[in-house]
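Remarks on the overall topology
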Amino acid sequence: MAISSKARPYLLVLCLVLVVAGVLVARLPHDRQAGPTTTGPTTPTVVGAEGGDGAGDAYYPQDGNTGYDVGGYDVSVTYDPATGRLDGVTEVTATATAALTRFNLDLYRLEVTEVLVRGVPATFHQEGEHELVITPGTPLADGEGFTTTVRYGGEPTVFKDRALGSSGWQVSRGGGAFAAGEPHSATTWFPANDTPRDKATFAVTARVPEGWSVVSNGTEREEPVTADGWTSFRWAAEEPMATYLTTIAVERWTFERSTLADGTPVVDAYAPGAEAARQHQRRLPEVLDFLSEKFGPYPFGSAGGIFLADDIGFSLETQTRPVYAGWASLDTVVHENAHQWFGDLVSVESWSDICLNECIASYAEWLWDEARNGADLDALYRGTIDEVADRDAYWGRKLYDMGRGNEFRGVYDKGRLAVHALRRQIGDEDFDRVLKGWIAEHRGGNASWPEFEAHVERVSGQDLDAFFAAWFRGDEIPADEHLYPGSLRR
């Protein structure tokens, strides 16, 4: 993502345990206040596990769920810009990773009217703002593949976070809508296991009033079909992706279609008023060729961009087809497409690892400037250090494990300096091996910042604990030995 300008005595303990156990039994199956309940078939008493209502991220403990692994989402929605209402049916294909009597999906502030598991009506209810709790008619066996079909509707909205701003479903300046945001977005318009750790394939069929059009991830799988005043569009992406990297955008788009040199299809969509972005996006083949030299071959079967006329606070690396704010520049195109490798192909294990995405994508802008414009990055680095050396607030932002709400405070500017210092510390040859090797080793999966540190040390043969502590884990200006490594030494 790019951003413009989270001891008592034994008997007493035993008594308390018994009391608490009695309360818990009385309140099964949930210990939290439940929302409206829709009842399906009676569920028999069985021995089994209940899927967890969080995937374990320390910053967002109730994001995602446990007990199953999603293989794919097939989303069908109808959206009317005139009313702002969305109605959807989503089929989630998954595999149980435990014997489940119950499991959760995440869905934000949309009302569920029906749930089927294996094609059979299931009991369900909604808790809080985003938990959909499902009890199938018969339990799921460990290792069993199953489908869950959810019917839902309402007026989608945004996640509002004091530190991170708004993300999710937003109405566009032209009266359409788009879904984008980090760390949350997808569940404002379809039910999902909303964690980067559970990547899955994605397809969407979207029906909108005639005259509107839809763009999403991947490739167009069918010609648009118009009937009775409505037009349906079908998009699908075969490469698994994290849920926050999915998108849908409804607008009166102008589409431009082309191919890369290897035949990869490119679809660019421009909202009315976003035409000026063409000058940047027309260099996409050059950008992708450059990034492929740095990171390895372009990883996906389609490419392109979605260009809004809205000056929202971010552009986002939605997989295969980034969403760009109205202020986007050529640097933004470089940044978001660098994420196709760092963030999309290889995704974070936890949100504390976000520097893996943003620090390297931000540095990719410098690499581009160096290669295409002859920029002296050492001079740029030193000049920046001189400018910010006395700013405690600048250096007080950690790049790893920065705390919830602080994920995007330092990774763009301080992060770029840190990556350049790392490059000078280990040398260009090892730096090149680090980037390409990281992508090759973890492609299609998730990885953490500590794993990256170990990877760099393994490739370079250096003990870099002090360097990483100073630049990425610390909140003070690094000592000169780390601030000016290699050719940066004065």
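Rules and cut-offs
- Residues numbered from 1 in each chain as written.
- Predicted model: local features only at pLDDT ≥ 70, side-chain atom pairs only at ≥ 80, totals over all residues.
- Heavy atoms only, no water.
- UniProt positions renumbered as here; feature names shortened; annotations may be inferred.
- Helix = DSSP H or I, 4+ residues; strand = E, 2+ residues; numbered from the N terminus.
- Buried < 20%, exposed > 50% of the residue type's maximum accessible area, 1.4 Å probe, protein only.
- Lys, Arg positive; Asp, Glu negative; His and termini not counted.
- Salt bridge = Lys/Arg side-chain N within 4 Å of Asp/Glu carboxyl O.
- Pairing = 2+ DSSP bridges.
- Disulfide = S-S within 2.5 Å.
- Expected span 1.5 Å × (residues − 1).
- Contact = heavy atoms within 4.5 Å.
- pLDDT = per-residue confidence, 0-100.
- Axes fitted to C-alpha atoms, helices over the stretch in contact; angles between N-to-C directions.
- Arc of directions from axis to C-beta.
- Parallel < 35°, antiparallel > 145°, perpendicular 65-115°, else oblique.
- Left-handed = near helix turned anticlockwise from the far one by under 90°.
- Nonpolar A, V, L, I, M, F, W, Y, C, P; charged D, E, K, R; others polar.

An unreviewed UniProt entry annotates the protein chain as Aminopeptidase N of Saccharothrix xinjiangensis. Its UniProt record, at the heading Cofactor (unreviewed entry), says of the protein chain: "Zn(2+)". Per UniProt, the comment on the protein chain under Sequence similarities (unreviewed entry) is "Belongs to the peptidase M1 family."

**Notes on the side chain of Glu 251**
Relative to the assigned elements, Glu 251 resides in strand β20 (residues 248-251). In this structure, Glu 251 is buried with no salt-bridge partner, the nearest side chain bearing the opposite charge being Arg 252 at 5.5 Å.

**Describing the pairing of β20**
Neither face of β20 is open: one carries Ile 248 and Val 250, the other Ala 249 and Glu 251, and all of them are buried. Sheet topology places strand β14 (residues 177-180) next to β20; three bridges connect them, and they run antiparallel. Bridge pairing links Phe 178 to Ala 249 in β20. One ladder, built from four bridges, connects strand β16 (residues 213-216) with β20; its direction is antiparallel. Along β20, the bridge assignment pairs Ser 216 with Ile 248.

**A short note on the state of the cysteines**
Inspection of the entire model under this criterion finds one disulfide. Disulfide pairing is shown between Cys 355 and Cys 359; the S-S distance is 2.0 Å. Here the disulfide of Cys 355 and Cys 359 is left-handed, its torsion about the S-S bond being about -110°. Here Cys 355 and its partner Cys 359 are both found in helix α5 (residues 355-373), four residues apart, which amounts to about one turn of the helix. Taken as a pair, Cys 355 and Cys 359 share a single burial class, namely buried.

**Regarding helix α3 (residues 284-295)**
Taking 1.5 Å per residue as the helical rise, α3 with its 12 residues ought to reach 16 Å, and the 16 Å between its terminal C-alpha atoms agrees with that figure. Summarising the contacts, the buried residues of α3 are in contact with β22 (265-270), α2 (278-281), β23 (303-307), α4 (330-338), α5 and α9 (428-442). At the C-terminal side of α3, Gly 296 shows a positive phi close to 115°.

**Details of the sheet that holds β23**
Sheet strands associate in pairs through backbone hydrogen bonding, adopting either a parallel or an antiparallel arrangement. Taken together, the four strands give an open sheet; going across it, the order is β21-β22-β23-β25, and neighbouring strands pair in mixed fashion. Of all the strands in the sheet, the pair left with one neighbour each is β21 (254-259) and β25 (323-324). Bridge analysis of β23 against β25 gives two bridges, and the strand direction is parallel. Within β25, the residue paired with Ile 306 across the bridge is Val 323.

**Considerations on the confidence of the model for the protein chain**
Looking at the protein chain as a whole, the pLDDT averages 91, with 90% of positions reaching at least 70. Note on residues 5-46: pLDDT under 50 across the span, and 50 contacts to partners over four residues away in sequence or across chains.

**Observations regarding the environment of Leu 345**
Within the secondary structure, Leu 345 sits in the loop between α4 and β26 (347-348). Here the alpha-carbon distance between Leu 345 and Tyr 324, two residues 21 residues apart in the chain, equals 19 Å. When residues no more than four places from it in sequence are discounted, the contact partners of Leu 345 are Lys 199, Pro 299, Phe 300, Gln 340, Ile 439, His 442, Arg 443, Gly 444 and Gly 445.

**Here's the deal with the sheet that holds strand β12 (residues 158-161)**
Strand order across the open sheet formed by five strands is β12-β13-β14-β20-β16, with antiparallel pairing between neighbours. Edge positions in the sheet fall to β12 and β16, since each has one partner strand and no second. Across the sheet, the mean angle separating the axes of adjacent strands is 25° when strand polarity is ignored.

**Details of helix α10 (residues 449-460)**
Taking 1.5 Å per residue, 12 residues should reach 16 Å; α10 reaches 17 Å between its end C-alpha atoms and fits that length. Within α10 the residues assigned to the buried category are Trp 449, Phe 452, Glu 453, His 455, Val 456, Val 459 and Ser 460. Angularly, the buried residues of α10 cover 160° about the axis, an arc narrow enough to put them on a single face. Summarising the contacts, the buried residues of α10 are in contact with α5, α8 (414-426), α9 and α11 (465-471).

**With respect to the pattern of salt bridges**
All chains considered together, the criterion is met by 23 salt bridges. Arg 424 is the partner of Asp 428 in a salt bridge, and the nearest nitrogen-oxygen pair spans 3.3 Å. In this structure, a network of salt bridges that share partners links the residues Glu 370, Asp 378, Arg 423, Arg 424 and Asp 428.

**Concerning the packing of α8 against α9**
One can describe the packing of α8 onto α9 by two numbers: an axis separation of 6 Å at closest approach and a directional angle of 120°. Here α8 is positioned oblique relative to α9, judged by the angle of their axes. For the pair α8 and α9, the sense of crossing is right-handed. On α9, the residues that touch Val 419, Arg 423, Arg 424 and Ile 426 of α8 are Asp 428, Asp 430, Phe 431 and Val 434. Split by residue class, the contact of α8 with α9 holds four nonpolar, no polar and four charged.

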